[in-house]
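# Breakdown of the fold
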Amino acid sequence: PGRPPRAGPMRILALHGNRQNGEVFRTRLGPVVRRLEDAGHRVFFVDAPHEVPMGPGDEVPMRTWWTREGGDGAGTSGWDESLAALRGVWTSRGPFQGIVGFSQGAAAGLILCELADAADASFASLRCAVLCAGYALPSRDAIDRPAISGRVRVMLIAGDADEAVPPAETLACASRVHPSTVTIYRHSGNHLFPAKSRDARAVADFFDAEEVGTLEFGTPLPGDGDGDGDGIAIPEEVAEEFAALAAIFDEEMRTESPADDGPGSTTLSFTLPGVAEAMDPTDPSSYDPRLVLIVPREYPAALPATSLRGVPRAVADRMRTELEATAREAGESWGAG
């Protein structure tokens, strides 16, 4: 069966965790942001209004949405100011249709979902939220109701090894969301926002489609299968090559959807550090140049095709000879390996 229709491009507000800021969160969420932007969405990062004392290794003050009051941690101090700041951001940079939140930012995002569901005019545009390592925090600003209705979809992400916010605490947030509109996604990691290729794809798919479900760690996603259905079976030695590349390039490499480049192929995308700055020193963030290797099902008998993506046509035309030579050399080096 085909995927449900896309929900349409969204403006997504990213809410960082405690002792972070918008720029730190942007860096850690990089692969997820690229996937969302490739799908046409726009992601906006903001700083919480409250500074926290600088700690070892901090070059700038970090931020928090609130501080805890009392030994039991049930109360908060500073949330009123944060809520007012978020209303302002919603007006000045929104309206937003989506939220991505981590830890304390996910807890704040859950409150915004409750307010949006209660027809709060400030957040009425909100349609869905991805909340990672979050928790439910009692607040007088949240509406006391058994569950958020089906108007707002919520994806809860929990790490099985998370000790800062145990997965049971994150998954307990599901009781605040209508069962028909909650998606659960679990990973094996600790207190982090998972950003590997499959994780970024799951987040993007959630924003793209009007569907919900449970995605446990290790459950094949479309295109990540084992040879059944739409999945692709690859020889063990080729899989080992892919794993070695992933270990070498880490966040600079991601696997694209096989459907994008023909059935049976595997598409590997590599970021090109420094190239965006060379193309436009004044605004390098406008570009996301990537070297792409399209590995056919017949590999290694057939060599990968190469291409460059994320390079505007006008720039590509000026650099065509050099870029094509780079792509050709990369493909030949791959085949020789």
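Quick caveat, the model's predicted, so the values are computed rather than measured.

Overall, the coordinates contain 4 salt bridges when judged by the stated rule. With a closest N to O distance of 2.7 Å, Glu114 and Arg176 form a salt bridge. With Glu114 in helix α4 (residues 104-117) and Arg176 in the loop between α5 (167-171) and β10 (182-187), the pair connects residues that are 62 residues apart, well separated along the chain. With relative accessibility at 3%, the residue Glu114 sits in the buried group. Looking at Arg176, the relative accessible area reads 21%, which means it is partly exposed. The salt bridge involving Asp160 is made with Arg186; its shortest N-O contact spans 2.7 Å. Of this pair, Asp160 sits in the loop between β9 (153-159) and α5 while Arg186 sits in strand β10; the two residues are 26 residues apart in sequence, bridging distant segments of the chain.

Before going further, it helps to spend a moment on unusual backbone geometry. Cis geometry marks the peptide bond from Gly94 to Pro95, where omega comes out at 0 degrees. Relative to the assigned elements, Pro95 resides in the loop between α3 (79-93) and β7 (98-102). The phi torsion at Arg19 lies on the positive side, around 60 degrees, for a residue other than glycine. Within the secondary structure, Arg19 sits in the loop between β1 (11-15) and α1 (22-28). Take Arg19: its relative accessible area is 37%, and that puts it in the partly exposed class. The phi dihedral of Ala133 is positive, around 55 degrees, even though this residue is not glycine. For Ala133, the position within the fold is in the loop between β8 (128-132) and β9.

Each value, and the rule that gives it
- Residues numbered from 1 in each chain as written.
- Predicted model: local features only at pLDDT ≥ 70, side-chain atom pairs only at ≥ 80, totals over all residues.
- Heavy atoms only, no water.
- Salt bridge = Lys/Arg side-chain N within 4 Å of Asp/Glu carboxyl O.
- Helix = DSSP H or I, 4+ residues; strand = E, 2+ residues; numbered from the N terminus.
- Buried < 20%, exposed > 50% of the residue type's maximum accessible area, 1.4 Å probe, protein only.

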